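Examination of the molecular architecture
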Amino acid sequence: MRTGIVQIGKLHALPLIKVIGAGSFEHCFSLRRYCDDLIQCGTERLLVDLAECTYLDSTFLGTLAGPALKLRKKGGVLQVAGSSRRVLESIRTLGLDRLFECVENVAPYDAADLRPLESGSHKEMTGELLLQAHRSLLECDPRNAPKFQDLVTYLGAEVVPADRREAH
């Protein structure tokens, strides 16, 4: 499956993430860093435009779940808008419809104001990223345990956290 494009920008001062095509693992490191930076700077609401999204893999959804959980703890929200039936079903299947605020459409905006979010994997962080994304899915909905618990257990035993990796 060919990876899609993730763009970032603002919609009336609201941080906007737009996914075109497939949202996949390749964008997750940059996506997580971007969302964490926004939340650290005080953002309380993120909007994800999925109107042109055709597919989201579990790592991408788990990566979105991480900031959504952080926002919820601060009284904020991650909104997803414009999802196709297939994408919305993925969100519902993982129980993320109870975490994300699903809205029908996004207010009109000029896509020319968006810029691409860098993609590419960071090999030394791959296992940690997979682990964090899938732990977020388990935290969101215990019904995800049969799907992801074995992966989380395996990665938990194999992955050396970044802080311990840097100490060596």
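Here we summarise the structure given alongside this text. Note that this is a predicted model, so its numbers are computed, not measured.

So, how was this worked out
Residues numbered from 1 in each chain as written. Predicted model: local features only at pLDDT ≥ 70, side-chain atom pairs only at ≥ 80, totals over all residues. Heavy atoms only, no water. 1 Å grid on protein atoms, 1.4 Å probe; cavity = no way out; pocket = protein on both sides within 12 Å on 5 of 7 lines; lining within 4 Å. Points joined across faces, edges and corners; volume = space filled by probe spheres on them. Helix = DSSP H or I, 4+ residues; strand = E, 2+ residues; numbered from the N terminus. Nonpolar A, V, L, I, M, F, W, Y, C, P; charged D, E, K, R; others polar. Core = buried A, V, L, I, M, F, W, Y, C linked by side-chain atoms within 4.5 Å. Buried < 20%, exposed > 50% of the residue type's maximum accessible area, 1.4 Å probe, protein only. Contact = heavy atoms within 4.5 Å. Expected span 1.5 Å × (residues − 1). Polar contact = N/O pair within 3.5 Å; in protein donor to acceptor, adjacent residues only side chain to side chain. Pairing = 2+ DSSP bridges.

Section: the layout of surface pockets
A probe as big as a water molecule, rolled over the atoms, marks out the empty space that is left. Put simply, the largest pocket is a space of about 250 Å³. What lines the largest pocket is a set of 15 residues, among which Gly66, Lys70, Gln132, Ala133 and Ser136 lie closest to the centre. Counting only elements with at least two residues in the lining of the largest pocket, the list comes to helix H1 (28–40), helix H2 (58–73) and helix H4 (126–140). Examining the composition of the lining of the largest pocket, we find that 7 residues originate from one element, H2, more than from any other. Partitioning the lining of the largest pocket into residue classes produces 4 nonpolar, 5 polar and 6 charged.

Quick look at the nonpolar core
In this structure, Leu50, Leu78, Leu96 and Phe100 are the most contacted members of the largest nonpolar core, which totals 42 residues. When residues no more than four places from it in sequence are discounted, the contact partners of Leu96 are Leu61, Ala65, Ile91, Leu137 and Cys140. Residues Leu11, Leu47, Val106 and Leu114 belong to the second largest nonpolar core, which totals 7 residues.

Examining H2
The α-helix winds at 3.6 residues per turn, so residues separated by three or four positions along the chain end up facing the same way. Along its 16 residues, H2 runs 22 Å from first to last C-alpha, staying within 8% of the 22 Å computed at 1.5 Å per residue. The buried fraction of H2 amounts to 12 of the 16 residues, a majority that puts the element mostly inside the structure. Residues of H2 that are buried: Thr59, Phe60, Leu61, Gly62, Thr63, Leu64, Ala65, Gly66, Pro67, Ala68, Leu69 and Leu71. The N-cap residue of H2 is Asp57: its side-chain oxygen and the backbone nitrogen of Thr59 are 3.2 Å apart.

Brief notes about the pairing of strand S1 (residues 5–11)
Of all the 7 residues making up S1, 5 are buried; the element is thus mostly covered by neighbouring parts of the structure. Pairing of S1 with strand S2 (residues 14–23), which is carried by 7 bridges, proceeds in the antiparallel orientation. The partner of Lys10 across the bridge, within S2, is Pro15. Remark: 2 residues form the turn of the hairpin made by S1 and S2, two consecutive strands paired antiparallel; His12 in that turn has positive phi of roughly 50°. Here S1 pairs with strand S6 (residues 115–116) via 2 bridges, running antiparallel. Bridge pairing in S6 places Gln7 opposite Pro116.

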